[in-house]
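Per-entry structural report
Okay, here's what each chain looks like letter by letter:
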Amino acid sequence: MSDTPDTPDTPDTPDTPDTPDTPGIPELPDGTTVDGQSPDYDIVFVGGGIATATVAKTVVEKAAAQTPPVYPRILILEAGRATAMSADKYDTYVEAYQEAPIKVPNSPYPASRSAPQPDVLDIAEVPSDKGYFVQKGPMPFGSDYARSLGGTTLHWLGTCLRMLPNDFQMRTKYGRGVDWPLEYTDLKPYYERAEWDIIGVSANVEHQYYPIKNVEKYFESADEKKMRKGRYLFPMEEIPSSYLDDYMAKLCADLTVELKDDDNKTHTFPVRVTNTPVARNSTPTKPDYQVVGAVGNADRGTRCEGNSSCIPICPAQAKYNALKTLYDLIVKYPDRPLKKGEKPRAVVTVRSQSVVMSVEHTQEKGKKGTVTGLTYKTYYEDGTPAVPHTVTAGTYVLAANAIENATLLLASEAANNSGQVGRNLMDHPLLLTWGLLEDNAGAYRGPGSTSGIAAFRDGEFRKERTAFRVEIGNWGWNFPENAPYDTVHDLVGGGTDGQARMWGKELRDTLGAILPRQFRIAWELEQDPEATNRVTVDDRYRDRLGKNRPVIQYDLSDYVKSALPWAAEASRQLFAALGIANPVRRPVYEPGDYTHYDADDAAAVEHDGVTYWVRGAGHVVGTHRMGDDPWNSVVDTHQRSHDLPNLYVVGCGSMPTLGTSNPTLTMTALAIRTGDHIAENLSRKADQK
Amino acid sequence: MSEGAQPPTPKQIFTDLSVRLTGFDRAELAGTGMIDTYYDTLLRIIGEREAGQLFRYAAEALADDRRVGSGDAALEQKVIENPRFAAVVVSLIKLWYLGSWYPLAGDYRDDNGSTADDVEHVVSAQGYREGLVWTAAGAHPMGAKPPGFGSWAEPPTLIS
Ligand SMILES: Cc1cc2nc3c(=O)[nH]c(=O)nc-3n(C[C@H](O)[C@H](O)[C@H](O)COP(=O)(O)OP(=O)(O)OC[C@H]3O[C@@H](n4cnc5c(N)ncnc54)[C@H](O)[C@@H]3O)c2cc1C
Ligand code: SF4
């Protein structure tokens, strides 16, 4: 593979700055397109994931509640199939997962050659174009996403943490990354709406321990009516912590981790096991909260039943996925003419197997412009060739996830006066550590993770190294050692001598003694935005429909790498408190620390002469960052393109930094804010008609 | 075998052998609903002739061990350590525990040839769900047989 010519890191300064700092109503207030024709739709969305679902639902509800009410006609274009919209078809995904020889996040969701998706099984030594991504390195980007209606929430874990106040001000507080154009307090009411109205989050405020002064105040709601005295309630009670969490909490009750910085100064971190807020159904905290169950089968999935497969698929749909919101929309706002006597309403059309290929626009480099349409191809998979279409709208929303949004914009040469499109790609690099406990702690039961340790999420140390969050895993060594499979292989043996080492009662009892003692921790490192971590396009790499494949350059900065020895040392102190300090390696099984990183792994990272492995967390963030300055950001605080005012680019890609919380809740809060904004503009347009 | 009793059928031998190899009793194995499937799988992959030999040796060993009253000495010697069957035994144990067929060891394939089905594969979704490993772990298969809300907070069943 040869290299594509690089665009410089600092964008060209455009000759005629086009007053980009005055956001206002779209340039075409009556919703007509440039050539004066009425657009096909009021809003067209690209992608059928949670970002689209959230903006669409918010717009529809808000617009209808405004005076005068507005009932937008909405089209959602989705690249993948819509198979999971009915309960019986969803079950075929569950079956596909159970039959998959290797159970990775995308194994239940069959890729289409017309809408290919990245897969963690394609991660290889870089450079590589083995899978859908073209990976240029120096490190492979280790995360994937799903391209089916519902998007990546089909296989996410569902962890829903808010960002901490300092996460929004990394530049001001710690001299790192950039500040957000919004503060925590700006986003707080939207976090509440994301937790209540879109996702449905289960947690109890009293069990949240964060490295901030007053956790209750952090959650305190301005909505005194709904929340008595502002005391915040999540919509559902917490998902119980696992027996393993409690076991760890007991052994670590008095633990304070001590870590030394470069000046030999000691930083102390009191360890407290904290129940994690999650998008899994439990018991409502208020009688009027409506728990949302499975799509097309509302009686199922109203409470997490412990299937222990949130990644890659929740058989009960007790875990939130975007299909729930989309389904609600198409049922309430069906795509058919109003019946006689029917009250006016919005219309939501979902068109699957429709891959958006490009954003058509009038923008010239350095100037503002208008989006004039989207081109897309509908494919059939029965031998019929894909059919190209163009669609127009008053407002366009790109919500195909961070990497796809960037790929589309770059391929269309759109919205990129800042030169920042595709840049600042981030993830939470995961350092895994794993051990075998002295006692049976009941592993392989319950949701993927029910608790974590928040102590390392903030502090002065962030000037030198990134923060990290600790996620305690309930599924034994499934992630690092492909257990229980590899445990069985180790014990039964076989190999070249071909003879069983262990069988019968002894095998059964030994597995019973080993497996429930396995546990792993993911140390989720914050990654800082770097212009060189980026998605680009290269016309030599296209998929079957001719759409550009994402070409990725990715690495960890020294700032991130400096957190690796801290996470590793924190792990050692934690393991010592758990009584398993001694290093052990499979196939021997005795209490101890099994963490090891071999240099030949595709995800190996070297720092200060020590090798680590770093896995992806699936948190694809930062390719169209938001900011007030159009020359170093792609969208404004409403996720509206600085360059193309009738275009919104929505999703985790808008996040300027990502802190240590999984990004989707924050992204959903931002999407609600965007939805409100689009609805207001629709009303204004209606006013002017 | 007592005089006059019916000789066990190959499937009965297969089941008895599976009981000894897995440490799960007959009722537990029957409860998985997988006996017929795995019997067929084995026959398909190693061929009926070779399976016949395995069952002959296994039946003898099982009878010997039964006569002695305890232990697996005969089974160990005649089947598990027997180069002719050792690799098959390994794959069969893994099949029961994991619901997947793992290819026979290379040496075995060199000596006995190989069939097209002798590749790694999940036998069926049910086979995955019924993998004995989950019961052995005091757990349940990931993505199936959910134990109910909050069950994961309870002490594990295998704690004595
Ligand atoms: C294994 C894993 C675990 C995760 N766990 C968590 C977690 O615990 N907590 C958390 O906060 N986040 C988690 N995430 C991240 C989370 O899933 C994503 O942040 C979120 O789903 C992104 O939503 P989205 O709507 O922006 O994009 P997506 O969910 O990716 O949806 C985008 C949609 O756009 C469609 N699309 C793409 N290209 C086109 C095109 N050209 N034309 C038309 N449609 C297109 C796709 O098919 C898809 O339906 C996890 C991710 C992974 C991979
Ligand atoms: S534990 Fe099971 S029921 Fe609960 S969310 Fe995960 S997969 Fe769904």
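None of these values were measured; they are calculated from a predicted model. Going along each chain's sequence as written, the residues are numbered from 1 onward. Here the convention is simple: chains get letters from A, ligands get numbers from 1, in the order in which they are written. Confidence filtering applies because this is a predicted model: local features only for residues at pLDDT of at least 70, side-chain atom pairs given and counted only at 80 or more, and all residues used for totals across whole chains, interfaces and linings. Each side-chain value is worked out from all heavy atoms of the structure, with water and hydrogens disregarded.

In this section: the nonpolar core. Each nonpolar core is a collection of buried residues, namely Ala, Val, Leu, Ile, Met, Phe, Trp, Tyr and Cys, held together in the definition by side-chain atoms within 4.5 Å. We call a residue buried when its accessible area falls under 20% of the maximum for its residue type, exposed when it is over 50%, and partly exposed in between, using a 1.4 Å probe and counting protein chains only. Membership of the largest hydrophobic core comes to 237 residues, with the highest contact counts inside it found for Ile199, Phe456, Trp523 and Leu574 of chain A together with Tyr97 of chain B. Put simply, DSSP H or I for four residues or longer makes a helix, DSSP E for two residues or longer makes a strand, and each gets a number counted from the N terminus. Broken down by element, the residue count for this core peaks at ten residues, all from helix H6 (residues 86–98) of chain B. With residues near it in sequence (within four places) discarded, Leu574 of chain A still touches Cys252, Leu255, Val271, Ile453, Ile521 and Trp523 of chain A. Core analysis: the second largest hydrophobic core is formed by seven residues, Val278, Cys304 and Ala316 of chain A together with Trp152 of chain B among them. In what follows, residue pairs with any heavy atoms lying within 4.5 Å of each other are defined as contacts.

Residues and elements named next belong to chain A. In the vicinity of ligand 2, the contacting residues are Arg280, Cys304, Glu305, Gly306, Asn307, Ser308, Ser309, Cys310, Cys314, Lys319 and Pro447. We place a 1 Å grid over just the protein atoms. Points where a 1.4 Å probe fits but has no way out form a cavity, open points with protein on both sides within 12 Å along at least 5 of 7 lines form a pocket, and any residue with an atom within 4 Å of a point lines it. Think of it this way: if more than half of a molecule's atoms are within 2 Å of a pocket's grid points, that molecule is in the pocket or cavity. A molecule is said to occupy a pocket when more than half its atoms come within 2 Å of that pocket's grid points, and by this definition ligand 2 occupies the second largest cavity. Residues belonging to the shell around ligand 2 are distributed by class as follows: four nonpolar, four polar and three charged. For this description, a residue counts as near a given molecule or strand if any of its non-hydrogen atoms is within 4 Å of it. Each residue gets one of three labels, nonpolar for Ala, Val, Leu, Ile, Met, Phe, Trp, Tyr, Cys and Pro, charged for Asp, Glu, Lys and Arg, and polar for the others, Gly among them.

So, on to the packing of aromatic side chains. Only centres within 6.5 Å qualify two rings of Phe, Tyr or Trp (six-membered ring in Trp) as a pair; their planes then separate them into stacked at under 30 degrees, edge-to-face at over 60, and tilted for everything else. If you walk through the whole model with that rule in mind, you get 42 aromatic pairs over all chains. For the ring pair Phe461 of chain A and Trp566 of chain A, a centre distance of 5.5 Å and an interplane angle of 35° mean the geometry is tilted. Taken together, the residues span a long stretch of sequence, with Phe461 of chain A in the loop between strand E13 (451–453) and strand E14 (468–473) and Trp566 of chain A in helix H13 (residues 563–577) at a distance of 105 residues. For the pair shown, Phe461 of chain A and Trp566 of chain A are each scored as buried. One aromatic cluster in this structure is built from Phe168, Trp180, Tyr184, Tyr191, Tyr210, Tyr218, Phe219, Tyr232 and Phe234 of chain A. One residue, Lys103 of chain A, lies across the ring of Tyr128 of chain B, its end atom 4.3 Å from the ring centre. Lys94 of chain B extends its terminal NZ or CZ atom over the ring of Tyr102 of chain B, reaching a point 6.0 Å from the ring centre. Here, a charge over a ring means that NZ of Lys or CZ of Arg falls within 6 Å of the ring centre while also lying within 35 degrees of the ring normal.

Residues and elements named next belong to chain A. An expected span of 1.5 Å times one less than the residue number is assigned to each helix. The end-to-end C-alpha distance of helix H4 (residues 184–199) is 19 Å, clearly below the 22 Å that 16 residues give at a rise of 1.5 Å each. At Arg193, H4 is deflected by roughly 30°, the largest bend along its length. Looking only at H4, the buried set comprises Tyr184, Leu187, Lys188, Tyr190, Tyr191, Glu192, Ala194, Glu195, Trp196, Ile198 and Ile199. One or two positions beyond H4, positive phi appears at Gly200, with a value near 85°. Given a residue, its bend is the angle between the two axes fitted to the seven residues that end at it and to the seven that start from it.

So, about the site of ligand 1. All names here are of chain A. Surrounding ligand 1, one finds 37 residues, the nearest of these being Ala51, Glu78, Thr152, Thr159 and Thr664. Ile50 is positioned with one of its backbone polar atoms (N or O) 3.0 Å from an oxygen atom of ligand 1. In the environment of ligand 1, an oxygen atom lies 2.9 Å from a nitrogen or oxygen atom belonging to the backbone of Ala51. Within the complex, 97% of the 1000 Å² of free accessible area of ligand 1 lies under protein. At the level of secondary structure, the elements contributing two or more residues to the shell around ligand 1 comprise helix H1 (50–65), strand E8 (354–361) and helix H14 (664–688). With three residues, the single largest contributor to the shell around ligand 1 is E8. Residue classes in the shell around ligand 1 are distributed as 17 nonpolar, 16 polar and four charged. Counting of polar contacts relies on pairs of N or O atoms within 3.5 Å, with two restrictions inside protein: one atom must be capable of donating a hydrogen and the other of accepting it, and residues adjacent in sequence are counted only when both atoms are side-chain atoms. The method behind every accessible area is Shrake-Rupley, applied with a 1.4 Å probe, and residues are considered shielded solely by the protein chains displayed.

Residues and elements named next belong to chain A. Looking along the chain, the bond that leaves Thr67 and enters Pro68 is cis, with omega of -5°. Inspection of the secondary structure assignment puts Pro68 in the loop between H1 and strand E2 (73–77). Following Arg586, the chain continues to Pro587 via a peptide bond in cis, the omega torsion being 5°. Checked against the element boundaries, Pro587 lands in the loop between H13 and strand E20 (592–593). A positive phi angle, near 60°, is found at Ser308, a position not held by glycine. In this structure, Ser308 sits in the loop between strand E6 (273–275) and helix H7 (322–332). Even without being glycine, Ala415 reaches a positive phi, approximately 60°. Looking at the element boundaries, Ala415 is found in the loop between helix H8 (402–412) and strand E12 (430–436).

Residue and element names in this part refer to chain A. Strand order in this open sheet of five strands is E7-E2-E1-E11-E23, and the pairing throughout is parallel. Sheet topology places strand E7 (347–351) and strand E23 (647–649) at the edges, where each strand pairs with a single neighbour. Mean inter-strand twist for the sheet, computed between neighbouring axes without regard to direction, equals 15°. Helix axes use the C-alpha atoms of the stretch in contact, all axes being lines fitted to C-alpha atoms, and the angles between their N-to-C directions lie in the range 0 to 180 degrees. The strands touched by H1 are strand E1 (41–46), E2 and E7; relative to E1, the strand with the most contacts, the crossing angle is about 160°. Note: two strands are recorded as paired if DSSP finds a minimum of 2 bridges between them.

It is worth spelling out the interface of chain A and chain B at this point. With 56 residues of chain A in contact, the opposing surface of chain B contributes 52 residues. Where chain A abuts chain B, roughly 4200 Å² becomes buried across the two surfaces, and 65% of that area is made up of carbon and sulfur atoms. Joining two parts hides part of their accessible area as seen by a 1.4 Å probe, and the buried area is that hidden amount summed over both. It is Gln98, Trp503 and Arg508 of chain A that lose the most area in chain A upon contact with chain B, and together they represent 18% of the buried surface on that side. Note on definitions: salt bridges are taken to be side-chain nitrogens of Lys or Arg within 4 Å of carboxyl oxygens of Asp or Glu. Inspection of the chain A/chain B interface yields one salt bridge. Between Glu28 of chain B and Arg508 of chain A there is a salt bridge whose closest N-O contact spans 3.0 Å. Applying the counting rule to chain A against chain B returns 20 residue pairs in polar contact (both at pLDDT 80 or more). Of all the secondary structure elements, the ones that give two or more residues to the side of chain A that touches chain B are helix H2 (87–99), helix H10 (485–492), strand E15 (493–494), strand E16 (499–500) and helix H11 (504–514) of chain A. Examining the composition of the side of chain A that touches chain B, we find that six residues originate from one element, H11 of chain A, more than from any other. Considered class by class, the residues forming the side of chain A that touches chain B number 25 nonpolar, 23 polar and eight charged.

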